[in-house]
Amino acid sequence: FLCSRSRLCSARDLFATPTPQSFQIGINIIEAQKLVGVNINPFVVVKVGEEKRHTATQKSTNCPFYNEYFLFEFHEPRDILFHRLIEISVFHSKKIPFLGTCIGTFKMDVVTVYSQPDHRFFQKWAVISDPMDTRAGVKGFVKCNISVTARGEVVGSLPTSSSSQDEDIERNLLLPKRVPAERPWARVCIKLYRAEGLPSMSAGIMGGFSKIIGEKKVFIDPYVQVLFCGQQGETSVETNTTDPEWNEQISFIEMFPPLARKIKVQVLDDANVGDVAIATHYIDLQQISDSGRNGFNPTFGPAWVNLYGSPQNSALRDIHKDLNEGMGEGIFYRGRILMAITVEIFSSPSQPGEVTVEVEELHPLPENALGRKEEFLLFAAFFEATMMDSSLSSKPVSFEVSIGNYGKAEEVVTKVWRKMEKGEVKEEKQPLLDPGSDGELDVEVLAPASAALNKSVTNSQRPEPMEYDRSYSCLPMMHEKPCVYVWSYWEDHTWRLCVSNWIVKLAERLEQGLDDVEKLMRRPKAKAEERLREVLEEFVAGCRQYLLSTERKTMAHPNNLDRCRMKYLMRNIILYAKQGLRMRRRLTRANVKEKVKETRRVLTKLRFMAKEPQCTLPDVLIWMLSNNRRVAYARVPAQNILYSVVEEEKGKDCAKIQTVFMKVPRLHTGEIFAKLEVYMWLGVTKYAKNCLAELPEEFKYLSESGQEIAQLSAYSPPSRLSRDDFSYFQLRAHLYQARGILPADDNGLSDPFARVVFSTHCQTTRMLEETLSPMWNELLLFDQLIVDGKKEELKTETPIIIINLFSHNKFGSPEFLGHAFAVPQVKLVDEPYTKPALQFFDFYKGTKAVGELIATFELMELDYSGYLEDVEPKEPDYLGDPHAGRFIIPEGIRPVLKEFRIEILFWGLRDLKRVNLFEVDQPQVIIECAGKKVESEVIVAYKENPNFTELVKYMDVDLPEQVYLHPPLSIFVVEKRAFGRTVLVGTHVVSDVMKFSPRELEEDPEDVPK
């Protein structure tokens, strides 16, 4: 089974915009050899992206020596930097400086360098060839080092260079592995047929006027620009249309395999003032080719490519226009484009003389070449909207669900007409950015005429604060769940997504199994090896099932890539099944860790294979509208909710209640803006009667007017689901301790507390002062909870618990330190009670893991009297003062503590670096473990004598019996400055205290909780 509701949100999903990072690209040009030419004065030009640097000129030589180092610095998101090209060209200098003639160039994109071991090429020879004369062959070699480092990455040490004169150039070429030294030339053709559903823009200065005149739409003049390997080609411009037909092909000539991975396809609007990007799409050559021995050259289509970008239609005041340039994930559908890619490789005599970009006309594709359009139904029911940012609390909130241009509410700029005294009508123009509108225009949402059947926007509701702790708000949806439904028309190529879903499910199961194994590996004497054996068996069985089913699969209107991809998938799945069998055979207790690593590698390859490059159905977008303004969104890939009759081909979240996290466009913090529980279904209309099959029985279906629908037909889905009888649950959250959390204050410590969010409830632990491993030892009791969904599925589809960690601030709001996700252990009324064992959960902030939580959660069904029968203890004990109303973790769950003594021998301090430009003069060491502290004396003059005089100190601490629950030991070095200030010099955390214990203590028989 695969979880939809309790799937832990991966850290990278929360980022709406990729964060800019600092990168350095270092290029060291050492020398050149075998340059073609007589009596030349060569110099080398290095170009990365738009920046150029050049070396000095060496006089009359064919093997110049330079050894010059260039450093290029970039501060931008990964994806953008990785598409940039590195060009190394050799010029022959004439009398006039900088007007050299080009001898030849070499091109490679940054991602190729970054994917090398250690992110660099060391002392390799770049092959220089002349783009204007392809038949001439190699024009020389340049020896260089290229490295790409992100800020904060550890750079490995350089190998010692072997500068022997006769070194073999051919063996050390600047090429990635498995790329041959002699690369043939090839023609890459990108065929652009037509586009449809492009947004009608009103761009530039004219846009402002056309609004005043009151025209409804300004059409665009679209054309397509294709960039590949530093060359660029453009189609002709079609005027005044949003459904242009170009029927042109752009062909590039480049060495094959090319050293750049992406083809950039950009649709632009041809304007007088400056062309505006409408949308950008990158095609990854690795996804449409296979470089193996039985592989295939890049091939694609003809297929539709969906375009995404910003929600705004005028370039003048668009704050998200980077999204149309292809930076970050698009948050709005902007039409689709029909294209194809082919590659032909030349044999040497037939190749063209020079590299040019050609644009030629094409025959249009015949009607229905891709099949007829089918009608699809998208149905969604909202079960819960919680953890909403408290900034939304005053205004009504509704949700819009759209697929492609279907279900999008049309937007009209509101105009305020004012009557003047003289009776004339004047229009009050809005200021460009009025302060209340966050740089967006106020938008009235009007349904388009065609959407008479569709209901794509829920009725708006006012948010209410959540129970217990009012720092978040939620929507009241206890009795009635709003539904939306949208009909849309697409070519039916769902079989591609079905095959992809099958592989996605293989990968998800494998990943869940591996996570289990890794949890077991953290405990001594647990049965990790047996679990891994099961996981591999399951995986191999899954592969077999896939192979049996695909042999019988029929493809409707397949193109070349489909046929090649089918064979490629078959081949690789057979390969991975064999690898799985081999790993299972060689598995022993000693090499579990190594085998988990190997399986992870297979998992990464599976994930890559599962991505379908020709995805015809666009993603489903859920927008949260607050006061008719778009505030947050979530993008759900269509294949995840696609219905298929075959269970394995169904999307992993189809007809299940899934947890969806909403994010705010252009936000880097990685905090969650809102959490939804949604039931979604997408499928061809002929299966539409299945769209409600999986809903829990106790719901009544209501129509728009509020009457109950007795007979469900495919064309009248319900507008609301309602129910009256509930089953109640109690949640017990046992939070024992957190460790290794981020420091929030200047002294290197935090004042942490945790907020636990479940359904519409939120509770907070107590705040502990000045610690990085807070020991809360607290039980939070959530009573009378209502949990949606089928009871028998609660075991597998458990609602998720979110633990948000904050540090208390005396002044101002608390600082966010990260969040963890947990799944509770479920106990229904008729099941016996077993005490849960404490588990580990990781805290994440952004994509970084920031500490871990030791806790456990139980969700228990209450019987009709609202009473728990056999649960121990019935009434939890108070933690400290009973009036505070806080509970302690009950015995049997809370670890048994033993007293240990930690003795510390202080010798001295060495090599202390400056802090804030000042030398360290009076340092002191503080050692903390399990809430107890020991401080050394303060060294009076560190410069003269860096040793301590008082050597031995000790502390008595209570530690749990199970070693894996031991808190870490923290060592802080601080400096005492004038006026009683202390400054943190540095810290160190010892995760395993027991390695300092005498041997006889270690050999105590431990009781390991199974």
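Quick note: structure is the one above.
Heads up: these notes are all about the structure in this document. On a predicted model such as this, the values are computed, not experimentally measured, just so you know.

### So, a negative patch on the surface
Here comes step 1: On the surface, a cluster of negative charge is contributed by Glu694, Glu697, Glu792 and Glu793.
Here comes step 2: Here Glu793 lies in the loop between strand 37 (775-786) and strand 38 (801-807).

### Thoughts on the sheet that holds strand 29 (residues 629-636)
Here comes step 1: Spatially, three strands are ordered 19-28-29 in an open sheet, and the strand pairing comes out antiparallel. Two strands bound the open sheet, and with one partner strand each, they are strand 19 (397-403) and strand 29. When strand polarity is set aside, the average angle formed by the axes of neighbouring strands in this sheet is 20°.
Here comes step 2: As paired strands, strand 28 (residues 620-626) and strand 29 are joined by seven bridges and run antiparallel to one another. Its bridge partner lying in strand 29, Val620 is registered against Val636.

### A short note on empty space enclosed by the protein
Over the atoms rolls a probe the size of a water molecule, and in doing so it shows where empty space is left.
Here comes step 1: Counted by the stated rule, this structure contains seven cavities of 30 Å³ or more.
Here comes step 2: Of the volumes computed, that of the largest cavity is approximately 80 Å³.
Here comes step 3: In terms of lining residues, the largest cavity is bounded by Gln286, Gln287, Ser289, Phe296, Leu561, Arg565, Tyr568, Phe608, Met609 and Lys611.
Here comes step 4: Those elements giving two or more residues to the lining of the largest cavity turn out to be helix 7 (560-585) and helix 8 (592-610).
Here comes step 5: It is helix 7 that provides the largest number of residues to the lining of the largest cavity, a total of three residues.
Here comes step 6: Of the residues that constitute the lining of the largest cavity, the class distribution is five nonpolar, three polar and two charged.

### A few points about the sheet that holds strand 33 (residues 720-722)
Here comes step 1: The strand order across the open sheet formed by six strands is 30-31-18-27-33-32, and the pairing between neighbours is antiparallel. The open sheet is flanked by strand 30 (657-662) and strand 32 (700-702), the only strands paired with a single partner. When the angles between neighbouring strand axes are averaged without regard to direction, this sheet yields 35°.

### Structural notes on a positive patch on the surface
Here comes step 1: Side chains of Lys177, Arg178, Lys593, Lys597, Arg601 and Lys605 sit close together on the surface and give a patch of like positive charge.
Here comes step 2: The topology assignment puts Lys177 in the loop between strand 8 (138-150) and strand 9 (185-196).
Here comes step 3: Among the residues examined, Lys177 registers a relative accessible area of 66% and is labelled exposed.

### Quick notes on the pattern of salt bridges
Two side chains carrying opposite charge are able to pair once their charged atoms lie near each other.
Here comes step 1: For the coordinates displayed, the defined rule picks out 47 salt bridges.
Here comes step 2: Here Arg723 makes a salt bridge to Glu698, at a shortest N to O gap of 2.9 Å. On the criterion of sequence distance, the pair formed by Arg723 in the loop between strand 33 and strand 34 (728-739) and Glu698 in the loop between strand 31 (674-684) and strand 32 is long-range, its members being 25 residues apart.
Here comes step 3: Between Asp724 and Lys700 there is a salt bridge whose closest N-O contact spans 3.1 Å. Remark: Lys700 occurs in strand 32 and Asp724 occurs in the loop between strand 33 and strand 34; sequence separation between them is 24 residues.
Here comes step 4: The exposure class of Asp724 is exposed, given its relative accessible area of 55%.
Here comes step 5: Overall, the relative accessible area of 30% leaves Lys700 in the partly exposed class.
Here comes step 6: One connected set of salt bridges, linked through shared partners, spans Glu196, Arg336, Lys373 and Glu491.

### Some details on unusual backbone geometry
Here comes step 1: That bond from Phe256 to Pro257 is cis: its omega, -5°, falls within 30 degrees of zero.
Here comes step 2: Its location among the elements puts Pro257 in the loop between strand 12 (245-255) and strand 13 (262-269).
Here comes step 3: Residue Pro302 is bonded to the preceding Gly301 through a cis peptide linkage, with omega at 5°.
Here comes step 4: Here Pro302 is to be found in strand 15 (residues 300-309).
Here comes step 5: One non-glycine residue with positive phi stands out, namely Ser60, at about 20°.
Here comes step 6: Tracing the sequence through the fold places Ser60 in the loop between strand 3 (51-54) and strand 4 (65-76).
Here comes step 7: Exposure remark for Ser60: the relative accessible area of 47% places this residue in the partly exposed category.

### Concerning the nonpolar core
Here comes step 1: In terms of nonpolar packing, the biggest core is built from 68 residues, with Ile190, Ile263, Ile337, Met339, Ile341 and Leu606 touching the most fellow members.
Here comes step 2: Apart from the residues within four sequence positions on either side, Leu606 is in contact with Ile503, Ala507, Leu510, Phe539, Ile573 and Tyr576.
Here comes step 3: In this structure, Phe72, Ile86, Val142 and Cys144 belong to the second largest nonpolar core, which totals 43 residues.

### A closer look at the environment of Lys898
Here comes step 1: By secondary structure assignment, the location of Lys898 is in strand 44 (residues 897-905).
Here comes step 2: On the accessibility criterion, Lys898 (35% relative accessible area) is partly exposed.
Here comes step 3: Sequence separation of Lys898 and Gln962 is 64 residues, and the distance between their C-alpha atoms is 10.0 Å.

### Details of the pairing of strand 1 (residues 21-33)
Here comes step 1: Direction of pairing for strand 1 relative to strand 4: antiparallel, over a ladder of 10 bridges. Each bridged residue has a counterpart across the sheet, and for Ser22 the counterpart in strand 4 is His75.
Here comes step 2: Note that strand 1 and strand 8 share 10 bridges and pair antiparallel. Looking at the pairing, Glu31 lines up with Lys143 of strand 8.

### What about the packing of helix 7 against helix 8?
Here comes step 1: Contact geometry of helix 7 with helix 8 gives a least axis separation of 11 Å together with a crossing angle of 170°. Classed by the angle they form, the pair helix 7 and helix 8 counts as roughly antiparallel. Listed contacts from helix 8 to Arg565, Tyr568, Leu569, Asn572, Ile573, Tyr576, Gln579 and Met583 of helix 7 are Lys595, Glu598, Thr599, Val602, Lys605, Leu606, Phe608, Met609 and Ala610.
Here comes step 2: Of the residues assigned to the contact of helix 7 with helix 8, the class counts are 10 nonpolar, three polar and four charged.

### What to know about the environment of His479
Here comes step 1: Of note, His479 is situated in the loop between strand 26 (473-474) and strand 27 (480-491).
Here comes step 2: Looking at His479, the relative accessible area reads 41%, which means it is partly exposed.
Here comes step 3: Taking the C-alpha atoms as reference points, His479 and Arg720, 241 residues apart in sequence, are found 9.9 Å from one another.
Here comes step 4: Among residues more than four places away in sequence, those in contact with His479 are Leu721, Ser722, Arg723 and Phe726.

### Here's the deal with the packing of aromatic side chains
Here comes step 1: All told, the structure shown has 26 aromatic pairs when counted by the stated rule.
Here comes step 2: With a centroid separation of 4.9 Å and 40° between ring planes, the pair formed by Phe82 and Tyr114 is classed as tilted. Of this pair, Phe82 sits in helix 1 (residues 78-82) while Tyr114 sits in helix 2 (residues 110-114), placing them 32 residues apart in sequence. For the pair shown, Phe82 and Tyr114 are each scored as buried.
Here comes step 3: Aromatic ring contacts, followed pair by pair, group Phe23, Phe82 and Tyr114 into a single cluster.

### Some details on the packing of helix 6 (residues 528-551) against helix 8
Here comes step 1: Contact geometry of helix 6 with helix 8 gives a least axis separation of 11 Å together with a crossing angle of 25°. It follows that helix 6 is roughly parallel to helix 8 by the angle criterion. For helix 6 against helix 8, the interelement crossing comes out left-handed. Every residue of helix 8 that contacts helix 6 at Ala528, Glu529, Leu532, Leu536 and Phe539 is listed here: Val592, Lys595, Val596, Thr599, Val602 and Leu606.
Here comes step 2: Classifying every residue of the contact of helix 6 with helix 8 by side-chain character gives eight nonpolar, one polar and two charged.

Parameters at a glance
Throughout, residues of each chain are indexed from 1 in the direction in which the sequence is written. With pLDDT at 70 or above as the cut-off, local features in this predicted model cover only qualifying residues; side-chain atom pairs require 80 or more to be listed or tallied, and sums for whole chains, interfaces and linings still use all residues. Excluded from the side-chain calculations are hydrogens and water; all other atoms, namely the structure's heavy atoms, are used. Think of a patch as exposed residues, more than 30% relative accessible area, with no salt bridge, where like charges cluster within 9 Å and nonpolar side chains (Val, Leu, Ile, Met, Phe, Trp, Tyr) cluster within 5 Å. Per-residue and other accessible areas were derived by the Shrake-Rupley procedure at a 1.4 Å probe size, with only the shown protein chains allowed to occlude residues. Salt bridges are defined as contacts in which a side-chain nitrogen from Lys or Arg sits within 4 Å of a carboxyl oxygen from Asp or Glu. Only four residue types enter the tally: Lys and Arg on the positive side, Asp and Glu on the negative side; His and the chain ends are excluded. Taken as the charge location is NZ of Lys, CZ of Arg, CG of Asp or CD of Glu. The numbering of helices and of strands both runs from the N terminus, where a helix is a DSSP run of H or I of at least 4 residues and a strand a run of E of at least 2. Following DSSP output, two strands are said to pair if at least two bridges run between them. Between N-to-C directions, angles cover 0 to 180 degrees, with each direction set by a line fitted to C-alpha atoms, over the stretch in contact for helices. Using protein atoms alone on a 1 Å grid, points that fit a 1.4 Å probe yet trap it form a cavity, whereas open point sets bounded by protein on both sides within 12 Å along at least five of seven lines form a pocket; residues with an atom within 4 Å of a point count as lining. Grid points are joined across faces, edges and corners, and a volume is the space filled by probe spheres set on the points. Residues were grouped as follows: Ala, Val, Leu, Ile, Met, Phe, Trp, Tyr, Cys and Pro as nonpolar; Asp, Glu, Lys and Arg as charged; and all remaining residues, including Gly, as polar. When accessible area is computed with a 1.4 Å probe and restricted to protein chains, residues below 20% of their type maximum are described as buried, those above 50% as exposed, and intermediate ones as partly exposed. Take the buried residues of types Ala, Val, Leu, Ile, Met, Phe, Trp, Tyr and Cys, join any two whose side-chain atoms come within 4.5 Å, and each joined set is a nonpolar core. Pairs of residues are marked as contacts when any of their non-hydrogen atoms sit within 4.5 Å. Relative orientations are named as follows: roughly parallel for angles under 35 degrees, roughly antiparallel for angles over 145 degrees, roughly perpendicular for angles from 65 to 115 degrees, and oblique for any other angle. Any Phe, Tyr or Trp ring, taking Trp's six-membered ring, that has another such ring centre within 6.5 Å forms a pair; planes under 30 degrees apart are called stacked, those over 60 apart edge-to-face, and the others tilted. If you view the pair so one helix is near and one far, a crossing is left-handed when the near helix is turned anticlockwise from the far one by less than a right angle, and right-handed when it is turned clockwise.

None of the figures reported here should be taken as evidence of function without further support.
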